[in-house]
Amino acid sequence: MSSEIIDMSVTEWRRKAREGTLSVPEMKAALAAIRKERIQAGTISAKSTRTKAAAKDKAAPIDSDALLDGLMG
């Protein structure tokens, strides 16, 4: 489910809960959908963090002395 669908579903589940018409199977489906969405978000975040860390590790170190020598010389 996409975030838009989850948002619409959550709105519907909340409305039904307020009205007292939310069934147990609907509650279980709501919890499963929300958990799935959060797990996917966590996976995406962890992958992004690993990718950024790998890119940072691959970056060549800057030789500041050489840069200063180039400016001064």
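Above this text sits the structure in question.
What this report covers is the structure whose coordinates are included nearby. (Residues numbered from 1 in each chain as written. Predicted model: local features only at pLDDT ≥ 70, side-chain atom pairs only at ≥ 80, totals over all residues. Heavy atoms only, no water.)

1. Quick notes on the overall build of the chain
- Within the chain one finds 3 helices and 0 strands.
- In summary, the chain has a C-alpha radius of gyration of 25 Å against a globular reference of 11 Å for 73 residues, an excess of more than 25%.
- Taking the principal axes of the C-alpha coordinates as reference, the chain spans close to 80 × 20 × 15 Å.
- Within the chain, the fraction of its 73 residues that count as buried is 12%.
- Summing over all exposed atoms, the chain offers an accessible surface of approximately 6,400 Å²; the carbon and sulfur share of this is 62%.
- Positive and negative side-chain charges of the chain, numbering 13 and 10 respectively, have mean locations separated by a distance of 11 Å. (Helix = DSSP H or I, 4+ residues; strand = E, 2+ residues; numbered from the N terminus. Rg over C-alpha atoms; globule rule 2.2 N^0.38 Å. Buried < 20%, exposed > 50% of the residue type's maximum accessible area, 1.4 Å probe, protein only. Areas by Shrake-Rupley, 256 points an atom, 1.4 Å probe, with all protein chains shown as cover. Lys, Arg positive; Asp, Glu negative; His and termini not counted. Charge placed at Lys NZ, Arg CZ, Asp CG, Glu CD.)

2. Looking at helix α1 (residues 3-19)
- Over its 17 residues, α1 extends 24 Å from the first C-alpha to the last, a length consistent with the 24 Å expected when each residue adds 1.5 Å.
- The set of residues buried in α1 consists of Ile6, Ser9, Val10, Trp13 and Lys16. When α1 is viewed along its axis, its buried side chains cluster within an angular range of 130 degrees and face the same direction. Facing away from the buried side of α1 by over 90 degrees, the exposed positions are Glu4, Met8, Thr11, Arg14 and Arg18.
- Residue Gly20 follows α1 closely and has a positive phi angle near 80 degrees. (Expected span 1.5 Å × (residues − 1). Arc of directions from axis to C-beta.)

The quantities given are spatial measurements derived from coordinates; they are silent on function.
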